[in-house]
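One-letter residues, chain by chain:
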Amino acid sequence: MSILVGKHTKLIVQGITGGAGSFHAKQMIEYGTRVVGGVTPTRGGETFEGKVPVFDTVNQAVKATGANASVIFVPPPGAADAILEALSAGIELVIAITEGIPVVDMLGVRRVLEAMQAEARASGKPVPRLVGPNCPGVITPDQCKIGIMPGHIHKAGHVGVVSRSGTLTYEAVGQLTALGIGQSTCVGIGGDPVSGMDFVDVLELFQADPDTHGVIMIGEIGGGAEERGAQYIKEKMTKPVAAFIAGTTAPPGKRMGHAGAIISGGKGTASAKIDALVAAGAKVAPTPSDMATTLQSMMS
Amino acid sequence: MGDPPRQGDVYVMREGCSPPGPTLATVRLVKIHEYQGKQIFAKYGVPVPKGYPAFSVAEAETAAKKLATETGSPVVVVKAQIHAGGRGKGGGVKVAKGGASEAKVLAEAILGMQLVTHQTGPEGQKVKRLYIEQGLEMVAEMYLGMVVDRDSRRIAFMASTEGGVEIEKVAEETPEKILTVYVDPIVGLSAFQARELAFGLGLMTYGKETVAKFVRLMSALYEAFTKEDCSLLEVNPLAILKNGDVVALDAKVTFDDNASFRHKAWSDLQDKDEEDPIELEAAQAGLNYVSLDGNVGCLVNGAGLAMATMDIIKHAGRAHGVAPANFLDVGGGATQEQVTKAFSMILKSPKVKAIFVNIFGGIMKCDVIANGVVAAAKELGLKVPLVVRLEGTNVELGRKILSESGLAIQAATTMADGAKKIVDAVTGGAK
Ligand SMILES: Nc1ncnc2c1ncn2[C@@H]1O[C@H](COP(=O)(O)OP(=O)(O)O)[C@@H](O)[C@H]1O
Ligand SMILES: [Mg+2]
């Protein structure tokens, strides 16, 4: 087993004829992912790489292929619309890779998603999920890779990885594999202010997955998602969790980028997150080089 | 739908300081001047005083004369236009009671001054534009602010009776004085939410007309926020006039840069004088740049890795005064030209005593990084120690290119190893 993606996953690629979409579609196929179709409006009827059928709409693609997952490489102006189209077509797992979607668009998507999830729960149907946007994707090593992560650094095994940062996910995976520790599933939830799955949602799945024996959780300063994750770990999680929070040494009072920082309550600072995680029984890696060894020390 | 105003929820908006939400600078936010913000307000029906921008003393005088005829009152306010708040306290906002001649004298003093506020830093910001505005007499100053709240996934609307002063202080010292409502983007701002803030602010003291005007103003602001793709919108102060009118006396508007594709007008609103020239140079090359106070130049891919790299350098170098001087984040899809550009920018920075290249290639291929680094170093010369840690896609090829380049490169196996080598390099401990 694993979470979210595996041998059962039948994937369509939205934006398959674009630059990023076609490049990564090829990589995913090479890795062994079952890419059953692509969607590019007005390009329906073509075939990608001589074998993958392209459709005009997600609905058509789902009817023809029985796809149950979609990955989105549509550029920012149409990305939110593409997510809504996938959800509306009944896709259970939507993974949005696109970086740079306006936050106002994602506010709307998020509310639609929440409404659909509530409806699905009430009627006992599978709950639709969104991962991302602005994320590397999801991979279950040796079974299914959806997204842009380098497949070769992974190794099948029993550690779950969940992260807000793309490159830090690779960093954690690289460390695990170097120690000979494999991964069950690695989930990049993305760094955008408004997105789909949160730490809590992924931790719940890892806790329920018999093949996941421990988890690395990688957070960043800002927002309250890590604190909510810590709360879940405290109340429900029986598996060991090693964590890392990036930005511990970000100088307060220093302008970084052009943003106005919004700090809510005592939340959002690195120390508040680390304190919450430690209080929940997680171990926090002192440096980003110690993520895998920290988990290893908890598992042996 | 919409939560009641929650008291004690602190939102500190610190313009120009502290890291934004998640990252070192993945989100570029577009800032504009007060007068431009007010032009947007006016478009959506938010009441603002009459005013004209001025780029010279002569223009300022003409504007003051024009305002006097239009409003029938000689009182005008001369306001420095810089992208930082706290201008009033710093001497950048002055009232001319005596009409155009006095406005001229004030304009002479303010235009060209180095204005220092709590948001500019000690070096201040040179004033190159003025806004000449109708002077209004008010009976109260309120605060209004809007921001996307990532935790509730709603637009938070904040209000306080403590307007006109530093809202950061209010948030810290008396957070109960900030009222907040959360607007569901699907239904938009409900009238009851606006009323809750109106009554919470005690606007009934000024009459029920004022309550109604405030509700209309809030709904116009909400429309402006969503239609114009703002990420931050502040009115401080929102003035209550003697006749019960509510008017936005200040406007701070920041756009969500992700939405620039549907706002062609934004590029005209940009004021290059307000931007850090190095950041601008990086942005034009499609790179993220962050300037810090240390001595190590860093080339990384991804904001999370940038922050983690900073953490590990500081961890290893704290006792030795070693810290990052800057970060160039080449992101995921950079070309070799972009990498060359990024590395050249680091090489040219006088603060840099050693360089750390820390790359975990996903889409970013290690050979592209290596070629870019070599090209820049060959062109400009490598005068400081260079530590390189490469991992991920095409790593073997990348390492080969570096080792065959003839450059003096110290290879690092892990981030920790790289940080240690960088500390040794800066402190002269390297063999
Ligand atoms: N048009 C105006 N009429 C009267 N007073 C004004 C006007 N504009 C600003 N002021 C006063 O000057 C103060 C500072 O101006 P403001 O625009 O808020 O700049 P800042 O926030 O940068 O200090 C305001 O709090 C207000 O009291
Ligand atoms: Mg103000």
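In this text, all values refer to a predicted model and were calculated from it rather than measured experimentally. (Residues numbered from 1 in each chain as written. Chains lettered and ligands numbered in written order. Predicted model: local features only at pLDDT ≥ 70, side-chain atom pairs only at ≥ 80, totals over all residues. Heavy atoms only, no water.)

Trainee: What is the right way to look at the overall build of chain A in this model?
Mentor: Helices and strands together make up the secondary structure of chain A, namely 9 helices and 15 strands. Relative to the 2.2 N^0.38 estimate, which gives 19 Å for 300 residues, the radius of gyration of chain A is 19 Å and therefore close to what a compact globule would have. Seen through its C-alpha atoms, chain A measures out along the principal axes to roughly 55 × 45 × 40 Å. Put simply, chain A has 300 residues, and 61% of those count as buried. Contacts spanning at least 24 positions in sequence make up 71% of the contacts within chain A whose residues lie at least 6 apart. Carbon and sulfur atoms form 53% of the exposed surface of chain A, whose accessible area is close to 10300 Å². (Helix = DSSP H or I, 4+ residues; strand = E, 2+ residues; numbered from the N terminus. Rg over C-alpha atoms; globule rule 2.2 N^0.38 Å. Buried < 20%, exposed > 50% of the residue type's maximum accessible area, 1.4 Å probe, protein only. Contact = heavy atoms within 4.5 Å. Areas by Shrake-Rupley, 256 points an atom, 1.4 Å probe, with all protein chains shown as cover.)

Trainee: What is the right way to read the sheet that holds strand β12 (residues 214–220) of chain A from this model?
Mentor: The strands making up a sheet associate through backbone hydrogen bonding, with each pair oriented either parallel or antiparallel. Residue and element names in this part refer to chain A. Taken in spatial order, the 7 strands line up as β9-β8-β11-β10-β12-β13-β15 in an open sheet, and their pairing is mixed. Each having just a single partner strand, β9 (144–147) and β15 (283–284) make up the two edges of the open sheet. The sheet contact formed by strand β10 (residues 156–163) and β12 spans 5 bridges and is parallel. The partner of V161 across the bridge, within β12, is I216. (Pairing = 2+ DSSP bridges.)

Trainee: Sorry, what's going on with helix α6 (residues 199–208) of chain A here?
Mentor: Three or four residues apart is the spacing at which side chains of an α-helix point the same way, because the helix has 3.6 residues per turn. All names here are of chain A. Looking at α6, one finds that the buried residues are F199, V200, V202, L203, F206 and Q207. Projected down its long axis, α6 shows its buried positions confined to an angular sector of 160°, all on one face. Where α6 is buried, its residues touch β10, β11 (183–188), β12 and α7 (225–236). (Arc of directions from axis to C-beta.)

Trainee: Before we go on, may I ask you to explain the coordination of the magnesium ion (ligand 2) in this structure?
Mentor: The textbook angles at a metal center are 109.5 degrees for a tetrahedron of four donors and 90 or 180 degrees for an octahedron of six. Residues and elements named next belong to chain B. Protein-derived ligands of the magnesium ion (ligand 2) are N236 (O) and D250 (OD), with the metal-ligand distances lying across 2.1 to 2.2 Å. Of the two residues, N236 is situated in strand β12 (residues 230–241) and D250 in the loop between β13 (246–248) and β14 (252–256); the sequence distance between them amounts to 14 residues. Judged by relative accessible area, which is 17%, N236 ranks as buried. (Donors = N, O, S within 2.8 Å, 3.2 Å for Na, K, Ca; no water.)

Trainee: What's the story with the domain arrangement of chain B in this structure? I'm lost.
Mentor: The domain boundaries assigned to chain B delineate domain 1 (1–48 + 137–273), domain 2 (50–135) and domain 3 (277–427). Here the C-alpha centroids of domain 1 of chain B and domain 3 of chain B sit 40 Å apart. (Domains from an automatic or database assignment.)

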